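Structure assessment
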Amino acid sequence: FPSHEKPFSDFEGQARIRRDLLKNLLEMELDVNSKYERVAAKIEDLCNANTGGKIPFNNWIENENLLTDALAELLPILNAIPYAEMPGNLIELQKKLQNNTSAFIQTAEIYNKAIVGYNHAVIMFPSNAFALIFNFRMRKPVVIPTMG
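Quick look at the side chain of arginine 18 now. For arginine 18, the location among the structural elements is in helix α1 (residues 5–26). Accessibility expressed as a relative area gives 2% for arginine 18, which makes it buried. Setting aside residues up to four positions removed in sequence, arginine 18 forms contacts with Glu64, Leu67, Thr68, Leu71, Asn100 and Phe104.

With that settled, consider the nonpolar core. Counting 24 residues, the largest nonpolar core has Leu22, Leu25, Ile43 and Leu74 as its most contacted members. Excluding residues that lie within four positions of it along the chain, leucine 74 makes contacts with Leu22, Leu25, Tyr36, Val39 and Ile43. Listed in part, the 11 residues of the second largest apolar core include Phe11, Tyr111, Ile115 and Val142.

Note: most residues except glycine have negative phi, and most peptide bonds are trans. With omega at 5°, the peptide bond leading from phenylalanine 125 into proline 126 counts as cis. Mapped onto the secondary structure, proline 126 falls in the loop between α4 (88–123) and α5 (127–133).

Aromatic ring pairs: the centre-centre distance and the angle between the two ring planes describe each pair. For the structure on display, the rule yields eight aromatic pairs. Aromatic side chains phenylalanine 8 and phenylalanine 57 sit 4.9 Å apart centroid to centroid with 50° between the ring planes, which places their arrangement in the tilted category. Of this pair, phenylalanine 8 sits in helix α1 while phenylalanine 57 sits in helix α3 (residues 57–79), and the two are 49 residues apart along the sequence. What makes phenylalanine 57 buried here is its relative accessible area of 17%. Each member of the aromatic cluster is reached from another via a ring pair, and the members are Phe8, Phe11, Phe57, Trp60, Phe104 and Tyr111. Above the plane of the ring of phenylalanine 104 lies arginine 18, whose end atom (NZ or CZ) is 4.0 Å from the centre. It is arginine 139 that lies over the ring of phenylalanine 57; its NZ or CZ is 4.0 Å from the centre.

With that out of the way, let us pick up a nonpolar patch on the surface. Judged by side-chain polarity, Ile123, Met124 and Met138 come together as a nonpolar surface patch covering roughly 290 Å² of accessible area. The class of methionine 138 is partly exposed, set by a relative accessible area of 39%.

Glancing now at helix α2 (residues 34–49). Between the first and last C-alpha of α2 there are 23 Å, a value that for 16 residues agrees with the 22 Å anticipated at 1.5 Å per step. Residues of α2 that are buried include every one of Tyr36, Val39, Ala40, Ile43, Leu46 and Cys47, and no others. End-on view of α2: buried residues confined to an arc of 130°, all on one side of the axis. Exposed side of α2, more than 90 degrees from the buried face: Ser34 and Asp45 are the residues found there. Contacts made by the buried residues of α2 are with α1 and α3.

Here tyrosine 118 is to be found in helix α4. In this structure, the C-alpha to C-alpha distance between tyrosine 118 and methionine 138, residues 20 residues apart in sequence, is 7.8 Å.

Tracing the chain through its elements places aspartate 31 in the loop between α1 and α2. Separated by 58 residues in the primary sequence, aspartate 31 and asparagine 89 place their C-alpha atoms 15 Å from one another.

Cut-offs applied
- Residues numbered from 1 in each chain as written.
- Predicted model: local features only at pLDDT ≥ 70, side-chain atom pairs only at ≥ 80, totals over all residues.
- Heavy atoms only, no water.
- Helix = DSSP H or I, 4+ residues; strand = E, 2+ residues; numbered from the N terminus.
- Buried < 20%, exposed > 50% of the residue type's maximum accessible area, 1.4 Å probe, protein only.
- Contact = heavy atoms within 4.5 Å.
- Core = buried A, V, L, I, M, F, W, Y, C linked by side-chain atoms within 4.5 Å.
- Phe/Tyr/Trp six-rings, centres within 6.5 Å; stacked < 30°, edge-to-face > 60°.
- Lys NZ or Arg CZ within 6 Å of the ring centre and 35° of its normal.
- Patch = residues over 30% accessible without salt bridge, like charges linked within 9 Å, V, L, I, M, F, W, Y side chains within 5 Å.
- Areas by Shrake-Rupley, 256 points an atom, 1.4 Å probe, with all protein chains shown as cover.
- Salt bridge = Lys/Arg side-chain N within 4 Å of Asp/Glu carboxyl O.
- Expected span 1.5 Å × (residues − 1).
- Arc of directions from axis to C-beta.

Below you can see the structure in the form of structure tokens.
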């Protein structure tokens, strides 16, 4: 049965780094606009949902996908802040997020390739019988963010 554990572990590590960077960003308490407040609250909820207690695998992946969408909403808001008004630590944090996004994309692509093989094994004969016996389920892929 194809393993997806190593690619998932690598992806999970990058996702954890991303959540930590986003939590640091939210601690800055930027006073930008109401859209920022709404997106920041969504990001905080999603970051907290994927830490701590064990949640079902596909729910964890779905939360990471939603976090990717929320981050895509957040970046234009941050980019609209005039450079002269940006706190220095915000600029540094944006650079770290950009670097993390590159690593996140690479590990997500590797994970998604592993999941394709895993999902095929779950549904194809004869491995589907093994999957049924051991209660293996289809896994969701990760939404790959764009760097734009």
